[in-house]
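Here is what each chain is made of, one letter per residue.
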Amino acid sequence: MQALQTAATGMAAQELNVQVISNNIANLRTTGFKKQTAAFQDLIYQHIRRVGAQSSDQGTILPVGIDIGGGVKTVGTPRAMTQGTLSQTGNDLDLAVTGEGFFKILMPDGTYQYTRDGTFQMDNQGRIVTAEGNPVQPTITIPNNASGITINQQGQVSVTQPGSTTSQIIGQIGLTRFVNKAGLQPVGSNQFTETPSSGPPQDGQANAQGYGTITQGSLEQANVDVVSEMSDLIAAQRAYEMNSKVVSAADQMMQTTSALFR
């Protein structure tokens, strides 16, 4: 019976939907995380009577047809790149982006990855790096014995050298934007890589036209709305249950039909 297979596609789709929702909830407190949603489309139809077909020799046209759907398929898990709220931490090297742009990170293999997670540290060379020790681009090295690290909205890094009462700019953290930021490929560790869908990276400066601003001492929280996720989870569970009931009903119908023809 076709209904069994159709309902099975619905159960598989809702299972994936629950997986996406659970990942969103699991990353509720992940810095810079961007939530995903599951997108679905109906499968190809079996056209038993095509709409618009001629139904008589006099040219009568069918106003409706008979089309039997084959179920549902997953077409994507698009990521919502909306702004998350900022949370103050007070740490000098914690940075948050408000608006467009990603921090550019140099990986050990010489490639670049991009992130909204501004939880940065200082390594043993004085470089500003990620939690994994990969340097933020452009590479900025804090001089020994420097104090009073300040980073303004443009990303300019200033420090006060020993014996000086005025701060000195030692570098500038850049931002990178993409034509289609939702087309970036997530690779874990709160980082993304460019893809043909995202378009090439466009490096620039914070607070310039088209780029966001940088806030020191703050971090961008995940853009996950827990109330919305719980509501979606309940809806997905109900849809899964309804599809499972269709499977049970179709199985009972098949058993009844088999008994009649014995």
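Residues numbered from 1 in each chain as written. Predicted model: local features only at pLDDT ≥ 70, side-chain atom pairs only at ≥ 80, totals over all residues. Heavy atoms only, no water.

Some details on the pairing of strand 7 (residues 103-106)
Each regular strand shows side chains that alternate between the opposite faces of the sheet.
Part 1 of the argument: Pairing of strand 7 with strand 8 (residues 112-115) involves four bridges; the strand directions are antiparallel. Of the residues in strand 8, the one forming a bridge with Lys-104 is Tyr-114.
Part 2 of the argument: Taking the residues between adjacent antiparallel strands as the criterion, strand 7 and strand 8 are bridged by five residues, where Gly-110 takes a positive phi near 90°. (Pairing = 2+ DSSP bridges. Helix = DSSP H or I, 4+ residues; strand = E, 2+ residues; numbered from the N terminus.)

Examining a nonpolar patch on the surface
Part 1 of the argument: A surface patch of nonpolar side chains, about 320 Å² in accessible area, is lined by Leu-28, Val-226, Val-227 and Met-230.
Part 2 of the argument: Following the sequence through the fold, Val-227 ends up in helix 2 (residues 226-260). (Patch = residues over 30% accessible without salt bridge, like charges linked within 9 Å, V, L, I, M, F, W, Y side chains within 5 Å. Areas by Shrake-Rupley, 256 points an atom, 1.4 Å probe, with all protein chains shown as cover. Salt bridge = Lys/Arg side-chain N within 4 Å of Asp/Glu carboxyl O.)

Some details on the sheet that holds strand 7
Sheet strands pair by backbone hydrogen bonding; their relative direction is either parallel or antiparallel.
Part 1 of the argument: The four strands lie next to each other as 7-8-16-15, forming an open sheet whose pairing is antiparallel. Strand pairing shows two members of the sheet lacking a second neighbour, strand 7 and strand 15 (185-188), which therefore form its edges. If you compare each strand with its neighbour and ignore which way they point, the axes differ by 40° on average.
Part 2 of the argument: Two elements, strand 8 and strand 16 (residues 191-193), share two bridges in a ladder whose sense is antiparallel. Residue pairing across strands places Thr-115 opposite Gln-191, the latter belonging to strand 16. (Axes fitted to C-alpha atoms, helices over the stretch in contact; angles between N-to-C directions.)

Here's the deal with the sheet that holds strand 12 (residues 156-160)
Part 1 of the argument: One open sheet holds the three strands; their spatial order is 11-12-13, and the pairing between them is antiparallel. Two strands bound the open sheet, and with one partner strand each, they are strand 11 (147-151) and strand 13 (167-172). Between one strand axis and the next, the sheet turns by 25° as a mean value, whatever way the strands run.

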